[in-house]
Amino acid sequence: MDRIRIRGGRPLSGEIQIGGAKNAALPLMAAGMLTDERLVLSNVAKLADIQTMTALLTQHGIAVDPVGNDGRVLSIGGSISNTEAPYDIVRKMRASVLVLGPLLARVGEARVSLPGGCSIGTRPVDLHLKGLEQLGATFELDGGYIDGRVSGRLRGAKIVFPFVSVGATEQLMMAAALADGQTILANAAREPEIADLAHCLVAMGARITGIGTDQLVIEGVERLHGASHAIIPDRIETGSYACAAAISGGSVFLRDARLEHLGATVRILREAGVDIVEEPGGLMVKRLNGLHGADAMTEPYPGFPTDMQAQFMALMSVAEGASMVTETIFENRFMHVPELNRMGARINVHGASAIVRGVPSLKGAPVMATDLRASLSLILAGLGAKGETIVNRVYHLDRGYEAVERKLAACGADIERIGG
Ligand code: UD1
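Here the residue numbers are simple positions, counted from 1 along each chain's written sequence. For this predicted model, a pLDDT threshold of at least 70 governs which residues receive local features, and a threshold of 80 or more governs which side-chain atom pairs are given and counted, while totals over whole chains, interfaces and linings are taken from all residues. Water and hydrogen atoms were dropped before computing side-chain values, which therefore reflect all heavy atoms in the structure.

K.L.:
Mind showing me how you'd approach the packing of aromatic side chains here?
P.N.:
Aromatic rings in a pair are described by how distant their centres are and how their planes are angled relative to each other. Centres within 6.5 Å are what make two rings of Phe, Tyr or Trp a pair, Trp counting through its six-membered ring; a difference in plane orientation under 30 degrees is then read as stacked, over 60 as edge-to-face, and the rest as tilted. In the structure shown here, the tally under the stated rule is one aromatic pair. Their ring planes at 65° and their centres at 5.4 Å tell us that F304 and F312 sit as a pair that is edge-to-face. The criterion is that NZ of a Lys, or CZ of an Arg, lies within 6 Å of the ring centre and within 35 degrees of the ring normal, and then a charge sits over that ring. The aromatic ring of Y87 is capped on one face by R91, whose charged end is 6.0 Å from the ring centroid. Of note, R111 hangs over the ring of Y145, and the distance from its end group to the ring centre comes to 4.4 Å.

K.L.:
Looking at this structure, I do not really get empty space enclosed by the protein. What am I missing?
P.N.:
To find the voids left in a structure, one rolls a probe of water-molecule size over its atoms. Cavities and pockets were defined on a 1 Å grid built over protein atoms only: a cavity is a set of grid points that admits a 1.4 Å probe from which the probe cannot escape, a pocket is an open set flanked by protein on both sides within 12 Å along at least five of seven lines, and lining residues are those with an atom within 4 Å of any such point. Grid points are joined across faces, edges and corners, and a volume is the space filled by probe spheres set on the points. Tallying each qualifying case throughout the model produces four cavities of 30 Å³ or more. A volume near 50 Å³ is recorded for the largest cavity. For the largest cavity, the full set of lining residues is G19, G20, A45, L47, D234, E237, G400, Y401 and E402. Amino acids are sorted into nonpolar (Ala, Val, Leu, Ile, Met, Phe, Trp, Tyr, Cys and Pro), charged (Asp, Glu, Lys and Arg) and polar (every other residue, Gly among them). When the residues that make up the lining of the largest cavity are grouped by side-chain class, the tally is three nonpolar, three polar and three charged.

K.L.:
Explain the nonpolar core here, please?
P.N.:
Within soluble globular proteins, side chains that are nonpolar generally end up buried alongside one another. In terms of nonpolar packing, the biggest core is built from 77 residues, with M29, L34, M173, L185, L201 and L224 touching the most fellow members. L12, Y241, I247 and V285 belong to the second-largest nonpolar core, a separate cluster that totals 70 residues. Nonpolar core, defined: a set of buried Ala, Val, Leu, Ile, Met, Phe, Trp, Tyr and Cys residues in which side-chain atoms within 4.5 Å join the residues together. Each residue gets one of three labels from its accessible area relative to the maximum for its type: buried under 20%, exposed over 50%, partly exposed in between, using a 1.4 Å probe on protein chains only.

K.L.:
What should I look at first to understand the sheet that holds strand 16 (residues 274-279) in this one?
P.N.:
Note: strands within a sheet are paired through backbone hydrogen bonds, in either parallel or antiparallel orientation. Pairing between strands is defined by DSSP: at least two bridges between them are needed. Put simply, DSSP marks the helices as runs of H or I at least four residues long and the strands as runs of E at least two long, and each gets a number from the N terminus on. Here four strands make up an open sheet; going across it, the order is 2-15-17-16 and the pairing mixed. The sheet terminates laterally at strand 2 (13-17) and strand 16, the two strands that pair on one side only. Going from strand to strand, the sheet's axes swing by 20° on average, the running direction of each strand aside. Of the strand pairs in this sheet, strand 15 (residues 251-255) and strand 17 (residues 282-287) are connected by five bridges, and their pairing is antiparallel. When the bridges of strand 17 are listed, F253 appears paired with M284. Here, two residues are considered to be in contact whenever any of their heavy atoms come within 4.5 Å of each other. Axes here mean lines fitted to C-alpha atoms, for a helix over just the part in contact, with angles spanning 0 to 180 degrees between N-to-C directions. Contacts between helix 8 (residues 235-248) and the sheet are confined to strand 2, strand 15, strand 16 and strand 17, with strand 17 contributing the most and set at about 30° to the helix.

Rendered as structure tokens:
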């Protein structure tokens, strides 16, 4: 299995291209099932999760064809010939469950494996199922699979989410686009990826208002048609490389990054002493003088994202003073803490909060990546550490970061991938 070797202590300098958002691309690919016509998506990042979604759509009978030679444009389309999403694919990637709504809306039946637990928590899909039931679907559990049916078409309803869920909002928006009548999604998630999906659905002929707010109103239409859509840049990749610039004490231009998608991340990084300035074509990020401890609590957008928590904690482990990092979205998302502590960080976890007492510098060590964002946290720690760090089990990394070692090496980092 591949490992990443980093020799820390070199300030980054140069430019990093921010790719298309993984968490926008996955639901957008599922939206390709809502029509027989072609949905052409551009700015698709080259990631293992995109390949997994491609495999899933393909086995449903949907073609996913590259357009041009750069592998960043996909044309999706075809008729659904198989309504089962198998365990082997769903267990690899939870976002697979997003095919449920489109399958029910298009062909009235779906058999989708329950995703099960994952390393960052139990992550149930009850909100997805309850919402779809309100639109008229019925479900049975059979052999670890959810068997879903609709007689006739889905019917619009008012759905009030008891708490904010990104995936459930996307699932219900896709299903409601082809339901009879009006659906209101209240307490909907407001992440930029939700707005991106909504804009694409509108381009496909859906009628959605309230985009960008916590109340989406969807007037169902008979059918959707093909469209072309460019995926938004990845705000988590942006925030992660901003932390890389800061922990290395360097300055990096993040091409195509958008300030308006960063929410609380910008405020908190600035508070910690990171300079982030909007320039034509992207964001310039550099460390001002020293880094200072700053507190962060994860919340739905526009709050501080849970997907930035591990990276921010690596940064705070070398800041002056203490920081409190509180995780409110997932119950088990501190697996990077013992690994950071092996590198000399001083972090104590108390329930959902971690107290980070900054140290002058970390020391390189062999460490283990436990999930996608934790992998990047350890790479950041390695960039800021003295000596050599080996990050093991980097397959998580390739799910969501394209060519991370090449992007960082191009800015002067001493980093390489070791195969085998
Ligand atoms: C998405 C992102 C993920 C990010 C997360 C929170 C994608 C592909 N993934 O995941 O990277 O970390 O948003 O920003 O976009 N929950 C339930 N029942 C449900 C659904 C969710 O209890 O039916 C809980 C979850 O366990 C979690 C919370 O709600 O505690 C938020 O999860 P949700 O927003 O749904 O995350 P995902 O869509 O899975």
